[in-house]
Amino acid sequence: MAVLEIFKYPAPVLKRPAKPVDQISPELLQLIDDMIETMYAAPGVGLAAPQVGRSCRVIVFDANRDESERSPMALINPEIIFAEGEFCMEEGCLSAPELNVEIKRKGQVKVKALTREGKEVIIEAKEFPAVLLQHEIDHLDGKLIIDYLSGLKRSLYKRKLKRKEEKEKN
Ligand code: NI
C-alpha cells in the first residue's frame, strides 16, 4: 500500500469526466487499497480516483466519523439511481484546500455500484453519508465544490490560491 499524491484544483484531471471501469484487475484493486490509505493519511472521509490523478470511476469513503472504528468502502462505477429530499451542510475537499462550501444536496440517495469483488450492490444513504456519496460521484463527473460557488466567490478563491502559491515560491 502506498500514500498517493492528491491532485489539487486546478489540475485538469479533476475537471475531466472519468471513464467507467470495465475490468476489476489486480492494478485496480491496488489502486483501491492505495486510495483508502491515502484517504486516511490525508485525513479525509472520501476520495475519488481523479483526485489521485486516475481518470476512472472509483470512489472510496468512510462515513463512520468515529476514528477508532474504520469501515472503508470502495465503489466501482457508482451511479445514483434514486434521490429525494434535501440536505445542506458545509463541505470541504482534499483537492480544494482552505475552502468550505455550503451545498444543497439530496437528503437521501440510492447508489448502484460494483464492490471490489465485482458484486453489484445498492447502497442506501441519508444525510451525511448521502452527501459524501454525492460529493465523490461529482468528482467522477469532473465537478468540484468550487463549481457550486457564485462567480464572485470563485474568483476570490482563485485569487487566494494564487497568493498562496506565490508565497510558497518565495
Ligand atoms: Ni472532494
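Please read all numbers here as calculations on a predicted model, not as lab measurements.

Novice: Would you take a moment to explain the environment of Glu86 for this structure?
Specialist: When you line up the elements, Glu86 lands in the loop between β3 (73-84) and β4 (87-93). A relative accessible area of 58% means that Glu86 is categorised as exposed. For the pair Glu86 and Tyr157, spaced 71 residues apart in sequence, the C-alpha separation works out to 26 Å.

Novice: Where do I start with the packing of aromatic side chains in this structure?
Specialist: Here a ring pair, both rings aromatic, is described through the centre-centre distance and the interplanar angle of the planes. Under the definition given, this model contains one aromatic pair. Here the basic side chain of Arg70 rests over the ring of Tyr40, its NZ or CZ set 3.9 Å away from the ring centre. Directly above the aromatic system of Phe82 lies the positively charged group of Lys110, at a separation of 5.2 Å from the ring centroid.

Novice: Help me understand the pattern of salt bridges in this model?
Specialist: Two side chains carrying opposite charge are able to pair once their charged atoms lie near each other. Within the structure shown, the criterion is met by six salt bridges. One salt bridge in this structure joins Asp147 and Lys15, with 3.1 Å as the shortest N-O distance. Placement of the pair is Asp147 in the loop between α2 (128-140) and α3 (151-169) and Lys15 in the segment before α1 (26-41), with a sequence separation of 132 residues. For Asp147, a relative accessible area of 28% translates into the label partly exposed. Of the charged contacts in the structure, one is a salt bridge between Asp141 and Arg57, with a shortest N-O distance of 2.8 Å. Here Arg57 lies in the loop between β1 (46-48) and β2 (58-61) and Asp141 lies in the loop between α2 and α3, a separation of 84 residues in the sequence.

Rules and cut-offs
- Residues numbered from 1 in each chain as written.
- Predicted model: local features only at pLDDT ≥ 70, side-chain atom pairs only at ≥ 80, totals over all residues.
- Heavy atoms only, no water.
- Helix = DSSP H or I, 4+ residues; strand = E, 2+ residues; numbered from the N terminus.
- Buried < 20%, exposed > 50% of the residue type's maximum accessible area, 1.4 Å probe, protein only.
- Phe/Tyr/Trp six-rings, centres within 6.5 Å; stacked < 30°, edge-to-face > 60°.
- Lys NZ or Arg CZ within 6 Å of the ring centre and 35° of its normal.
- Salt bridge = Lys/Arg side-chain N within 4 Å of Asp/Glu carboxyl O.

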